[in-house]
Amino acid sequence: MAIDFLKYPPFGKEDARYTYAVGRIRVLEKDLIPRPFFDRLAEASEVSDYLKFLQETPYSKYLSDVRDEDSFERMLIAERREALKTFDDLCVDEPLKFKARARFDFHNIKVFLKSKIEEKDFEFALSEDGSVDLDTLKQVFKDEKYSWLPEHLFKAVEAGISAYYENKSYRDLSTSVDREMYRFLTTPVTENDFFAIYHSLESDLINIRTYLRLKSLEALDILKNHLLDTGYLDTSILLSEEPEGLVDRLSYTPYGKIYEEGYKYFKEKDSLRLYEKLMKSYLNGFLKETRKIDMGIEPIIAYLYFKFEEIRALRITFIGVFYRVKPEEIKESLTVVV
Amino acid sequence: MSGLYIAMIGAAMAAFMAGIGSAIGIGYTGRAASGVLSEAPDMFGRLFLLVALPGTQGFYGFIIALFIILKVGLLGTPKAITIYQGLELLAASLPIAFAGLLSAIHQGKVCAAGIDLTAKRPDQAMKPVIYGAMVETYAVLGFLTSFFLMINIKI
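Residues numbered from 1 in each chain as written. Chains lettered and ligands numbered in written order. Predicted model: local features only at pLDDT ≥ 70, side-chain atom pairs only at ≥ 80, totals over all residues. Heavy atoms only, no water.

Chemist: Give a detailed account of the packing of helix H3 (residues 56–71) of chain B against helix H4 (residues 83–120) of chain B, specifying residues and quantitative values.
Modeler: All names here are of chain B. The N-to-C vectors of H3 and H4 enclose an angle of 165°; their axes lie 8 Å apart at closest approach. Looking at the two axes, H3 sits roughly antiparallel to H4. In this structure, H3 meets H4 at a crossing whose hand is left-handed. On H4, the residues that touch Thr 56, Gln 57, Tyr 60, Gly 61, Ile 64, Ile 68 and Lys 71 of H3 are Leu 89, Ser 93, Ile 96, Gly 100, Ser 103, Ala 104 and Gln 107. (Axes fitted to C-alpha atoms, helices over the stretch in contact; angles between N-to-C directions. Helix = DSSP H or I, 4+ residues; strand = E, 2+ residues; numbered from the N terminus. Parallel < 35°, antiparallel > 145°, perpendicular 65-115°, else oblique. Left-handed = near helix turned anticlockwise from the far one by under 90°. Contact = heavy atoms within 4.5 Å.)

Listed below in structure tokens is the structure:
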């Protein structure tokens, strides 16, 4: 793949099968929590105030059961499950339903692999939101019949095991499974696969972040092993350029400004916070582009991802308020742009 | 072939092509509106006009078809129509047949987008109606062309 677009790749082939779904999503989108509301949540002086503010949102239906961190997390999981169910209801392309749940499937694969290697039970870390149910996964790992898994998960198990035993490193295991996940997500399965385009953009930005992260650890020699091969950007640029030179090389790509500003901040403060914020903002901007689509799967995927983003932001703000982190610091960690 | 048959083909084309356009157009708007109403049932009134707008072409086509039917006396005693008169009537039906078919489909898309806009911003409900009406202009022009052509055909 090559970069032949100025800001975002073209997408959005008209698909009248999604006319009903888009209408429904436009109503649901109104309930997404906007950024100023998160700022208000971050400023809550204590958890009771935080929950009072949350009464004004669709999350109010859960609040009678929320008392502590655990019950708050249960609420977030329930809301995520509802968003995934809405996606399943509205998506008429079966293969895309697997993609929507892929992150949970691959996460479960990592947990089971770690559990197998360490011979410990990490059941508490499993997610029930994957497309393969947990009992099946348990049986597969118990019997070591990995070929029973869907092909993309089978490949991830194989890659994870061989990566781990090469260096006895969980980091390598995780990278290999993630690589397989991105390969799965970026391989188009329908004529109009928005997941593939979105995750190809994300792959590029993750690669640049990995580059900066390894640079700060002075470990660029292992960069090749940690790059994703699923983006639009030719990874040889990252392997051959010094960080300063990369500013010029990337200036001709949509990632130029993100890298330039992110790298400047990184040099000054040895932190990737600004880069990550700009990265998220670029990707969310891409999701926002789907507002121009009236007949297609794109707005439904964008809604699901905005919902994931909202849940993540609620987790950050709640934990921040719970542990009395300064409001400014909580706000700094937020990337919501709805 | 008698001119009557050619005139009948004209009447049929006006009705079925504009009708197909309207059916497809309303298919789009109806689906979009159903999606919105599944989450916000109180919006029925605001969406009604946008859903119905692509349906007008079907009526324009039907009116022209009815004029042709009356002109050739199909509801009573059929008149003797020459081939040239038949061709004239067929030609008169074409503007609404084609303008109706295509404008209704595109109006359906415009109105479906308008329904999505109204779902998000109910206070803006009238603006997409205006955009939809802009597409309607060309259906009306097709209808008027068919109408004026037809009333000048002497039988």
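Chemist: Hey, could you go over the domain arrangement of chain A for me, with residue numbers and the actual values?
Modeler: All names here are of chain A. According to the domain assignment, chain A consists of domain 1 (1–93 + 192–338) and domain 2 (100–189). On a C-alpha basis, the centres of domain 1 and domain 2 stand 23 Å from each other. Of the residues lining the interface, 26 residues belong to domain 1; the matching set on domain 2 comes to 19 residues. Across the domain 1-domain 2 interface, the total number found is four salt bridges. Here Asp 229 ties to Arg 183 by a salt bridge, and the two come within 2.6 Å at their closest N and O atoms. The interface formed by domain 1 and domain 2 contains nine residue pairs in polar contact (both at pLDDT 80 or more). (Domains from an automatic or database assignment. Salt bridge = Lys/Arg side-chain N within 4 Å of Asp/Glu carboxyl O. Polar contact = N/O pair within 3.5 Å; in protein donor to acceptor, adjacent residues only side chain to side chain.)

Chemist: I'd love a proper account of the environment of Tyr 259 of chain A, names of residues and values included.
Modeler: Residue and element names in this part refer to chain A. Mapping Tyr 259 onto the fold places it in helix H14 (residues 256–269). For Tyr 259, the residues in contact, after removing those within four places along its chain, are Ile 208, Tyr 211, Leu 212, Pro 243, Leu 246, Val 247, Leu 250 and Tyr 275. At a separation of 2.9 Å, a polar atom in the side chain of Tyr 259 contacts the main-chain carbonyl oxygen of Pro 243.

Chemist: Any chance you could break down the side chain of Thr 253 of chain A for me, citing the residues and the numbers?
Modeler: Within the secondary structure, Thr 253 of chain A is located in the loop between helix H13 (243–250) and H14. In this structure Thr 253 of chain A touches Ile 3 and Leu 233 of chain A, once residues within four positions along its chain are discounted.

Chemist: Could you give an account of the environment of Tyr 232 of chain A, naming the residues involved and the relevant values?
Modeler: Residues and elements named next belong to chain A. Along the chain, Tyr 232 falls in the loop between helix H11 (223–226) and helix H12 (236–240). The class of Tyr 232 is buried, set by a relative accessible area of 10%. Along the primary structure Tyr 232 and Leu 96 are separated by 136 residues, whereas in three dimensions their C-alpha atoms are 21 Å apart. (Buried < 20%, exposed > 50% of the residue type's maximum accessible area, 1.4 Å probe, protein only.)

Chemist: Tell me about unusual backbone geometry, and please be specific about residues and values.
Modeler: All names here are of chain A. Phi at Lys 168 takes a positive value of approximately 50°, unusual for a residue other than glycine. When its relative accessible area of 56% is taken as the criterion, Lys 168 is described as exposed. Its identity as a non-glycine residue notwithstanding, Asp 270 has a phi of 50°, on the positive side. The residue Asp 270 is located in the loop between H14 and helix H15 (273–288) in this model. Take Asp 270: its relative accessible area is 56%, and that puts it in the exposed class.

Chemist: Describe the interface of chain B and chain A, and please don't skip the residues or the numbers.
Modeler: In this complex, chain B contributes 16 residues to the contact, which on the side of chain A involves 16 residues. Ranking the residues of chain B by area buried against chain A places Glu 39, Asp 116 and Lys 120 of chain B at the top, with a combined share of 41%. Counting across the interface, chain B meets chain A through three salt bridges. The shortest N-O distance in the salt bridge between Lys 120 of chain B and Glu 29 of chain A comes to 2.7 Å. Remark: the boundary between chain B and chain A carries five residue pairs in polar contact (both at pLDDT 80 or more). Within the residue set of the side of chain B that touches chain A, elements represented by two or more residues are helix H1 (3–39) and H4 of chain B. (Buried area = accessible area lost by both parts, 1.4 Å probe.)

Chemist: Summarise the pattern of salt bridges; cite the residues concerned and give the values.
Modeler: Residue and element names in this part refer to chain A. For the structure on display, the rule yields 35 salt bridges over all chains. With a closest N to O distance of 2.9 Å, Lys 307 and Glu 310 form a salt bridge. In this pair, Lys 307 and Glu 310 are both assigned in helix H16 (residues 298–322), three residues apart and thus about one turn of the helix distant. Note on accessibility: Lys 307 and Glu 310 belong to one class, buried.

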